Amino acid sequence: MFAFVLRRLIQAAIVMVVVALIAFMLFQYVGDPVVFLLGQDATPAQITQLRADLGLDRPFIVQFWHFLVNAAQGEFGLSLRQGAKVSRLIAERFPATLELAAVAALMALLIGIPMGVYSALRRGSFLSQVFMTVSLLGVSLPTFLIGILLILVFAVGLGWFPSFGRGETVQIGWWTTGLLKAKGWHHIVLPAVTLAIFQLTLIMRLVRAEMLEVLRTDYIKFARARGLPNRVIHFGHALRNTLVPVMTITGLQLGGLIAFAIITETVFQWPGMGLLFIQAVTFADIPVMAAYLCLIALIFVVINLVVDLLYFAVDPRLRMTTAAGH
């Protein structure tokens, strides 16, 4: 177990160094930050002085080392657009994105798993066919179109939900949340549904496929031969083994929800990191872009590491294979 964790940590460190190098290259080849800070009317002397103050006149290796040290401390300099520390901007926006992704992931799990189980156990029924049709629509339709349709129907047409913003929030230390207020829940419904639909359909189809595969295995046939009731077979044996690969995919999808909430946040003007990144791209705010890239990579690495450890702990076959390999 220790060797397994150590290998994963080394791989995670290598990935983060590579991502940091890619982020650092943004500073080198995507515009000149000195020009952004001083403007087009700056004199050559001012440009030279600022480059020296920022350390941009040093060798590439030295600059990259300082970038790594600062990034490890969560420091990416000042935003070229807002003039504020990037770490503060990220800290202000991260709670909104994580809140939206967590609600969407919970929604996808609580709806997608029962739909997948029902579609597998009652695959010839009318409702099962409806679920499969809906899942095809959820996979096929782009996220921005789903968001616009939800706004058109439930915000503009019916007036049930607001179409933009986060609503009322509560400050808990440096963390802000809208889940403790009724208006916060009211505002998060449409963007969470928009973000969850693709993940929901993916989980539903995965659970259905895995459930059908498990139901054909020998130990399920043996359980039926012993006279166990269908409830015990389906939920005590089949579903339990079905959820092992689902857990892996769901963990990785949670990172995807955080990383790819950009479109949803833009459509609903949700004040999260995705909207901040879009604004940074529009104004070529390189420090914010680099910080966003490193943070998303860190989230994926951490989630992937946690999922690997959970998979290692849940599935005894992996432990047996590892032991046999040693």
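Values in this document were obtained by computation on a predicted structure and should not be read as measured data.

Notes on the pattern of salt bridges
All told, the structure shown has two salt bridges when counted by the stated rule. Measuring nitrogen to oxygen at the nearest pair gives 2.7 Å for the salt bridge that ties Glu92 to Arg88. Here Arg88 and Glu92 lie together in helix H5 (residues 86–121), a separation of four residues that amounts to about one turn. Glu92 sits in the partly exposed class, given a relative accessible area of 42%. Close ionic contact of Arg166 with Glu99 constitutes a salt bridge, the shortest N to O distance being 3.4 Å. Here Arg166, found in the loop between helix H7 (143–157) and strand E1 (170–172), pairs with Glu99, found in helix H5; they are 67 residues apart in sequence, far enough to count as distant. Taken as a pair, Arg166 and Glu99 share a single burial class, namely buried.

Here's the deal with empty space enclosed by the protein
Taken as a whole and assessed by the stated rule, the structure comprises one cavity of 30 Å³ or more. By volume, the largest cavity amounts to about 50 Å³. Every residue lining the largest cavity is listed: Ala105, Ala108, Leu109, Gln199, Ile203, Thr250, Gln253, Leu254 and Leu257. Broken down by secondary-structure element, the contributors of at least two residues to the lining of the largest cavity are H5, helix H8 (182–215) and helix H10 (230–259). The biggest single contributor to the lining of the largest cavity is H10, with four residues. Taken together, the residues that form the lining of the largest cavity break down as six nonpolar, three polar and no charged.

As for a nonpolar patch on the surface
Side chains of Leu137, Leu141, Phe144, Leu145, Ile148, Leu149, Leu152, Val153, Val156, Leu158, Trp160 and Ile263 sit close together on the surface and give an oily, nonpolar patch of about 1,100 Å² of accessible area. Of the residues forming the nonpolar patch, the biggest block, seven residues, is contributed by H7. Inspection of the secondary structure assignment puts Leu152 in helix H7.

Here's the deal with the packing of aromatic side chains
Inspection of every chain in the model, using the stated rule, returns three aromatic pairs. When the centroid spacing of 5.9 Å and the interplanar angle of 45° are considered together, the rings of Phe154 and Trp160 count as tilted. When its relative accessible area of 27% is taken as the criterion, Phe154 is described as partly exposed. With 4.5 Å between their ring centres and 25° between their planes, Phe277 and Tyr292 make a pair best called stacked.

So, the nonpolar core
Formed by 62 residues in total, the largest nonpolar core has its most connected members in Phe67, Met211, Met273 and Ile296. Looking at which element gives the most residues to this core, the answer is H5, with 15 residues. Excluding its chain neighbours within four sequence positions, the residues that come into contact with Met273 are Ile90, Arg93, Phe94, Thr97, Ile258, Glu265, Tyr292, Leu295 and Ile296. Counting six residues, the second largest nonpolar core, distinct from the first, contains Ile146, Leu150, Leu190 and Phe268.

A word on the packing of H5 against helix H6 (residues 126–140)
Remark: H5 packs on H6, axes separated minimally by 9 Å, with the N-to-C direction vectors making an angle of 130°. By the angle between their axes, H5 is oblique relative to H6. Here H5 runs over H6; the crossing is left-handed. Every residue of H6 that contacts H5 at Met115, Tyr118 and Ser119 is listed here: Leu127, Ser128 and Phe131.

What about the layout of surface pockets?
In this model, the second largest pocket occupies a volume close to 400 Å³. Along its surface, the second largest pocket is lined by 17 residues, and Ala71, Gly74, Phe76, Cys294 and Leu298 are the ones closest to its centre. Mapped by element, the contributors of at least two residues to the lining of the second largest pocket are helix H1 (2–29), helix H4 (60–72), H5 and helix H13 (286–314). In the lining of the second largest pocket, the residues fall into 15 nonpolar, two polar and no charged.

The rules we used
Residues numbered from 1 in each chain as written. Predicted model: local features only at pLDDT ≥ 70, side-chain atom pairs only at ≥ 80, totals over all residues. Heavy atoms only, no water. Salt bridge = Lys/Arg side-chain N within 4 Å of Asp/Glu carboxyl O. Helix = DSSP H or I, 4+ residues; strand = E, 2+ residues; numbered from the N terminus. Buried < 20%, exposed > 50% of the residue type's maximum accessible area, 1.4 Å probe, protein only. 1 Å grid on protein atoms, 1.4 Å probe; cavity = no way out; pocket = protein on both sides within 12 Å on 5 of 7 lines; lining within 4 Å. Points joined across faces, edges and corners; volume = space filled by probe spheres on them. Nonpolar A, V, L, I, M, F, W, Y, C, P; charged D, E, K, R; others polar. Patch = residues over 30% accessible without salt bridge, like charges linked within 9 Å, V, L, I, M, F, W, Y side chains within 5 Å. Areas by Shrake-Rupley, 256 points an atom, 1.4 Å probe, with all protein chains shown as cover. Phe/Tyr/Trp six-rings, centres within 6.5 Å; stacked < 30°, edge-to-face > 60°. Core = buried A, V, L, I, M, F, W, Y, C linked by side-chain atoms within 4.5 Å. Contact = heavy atoms within 4.5 Å. Axes fitted to C-alpha atoms, helices over the stretch in contact; angles between N-to-C directions. Parallel < 35°, antiparallel > 145°, perpendicular 65-115°, else oblique. Left-handed = near helix turned anticlockwise from the far one by under 90°.

Remember that the coordinates give geometry; whether it matters functionally is a separate question.
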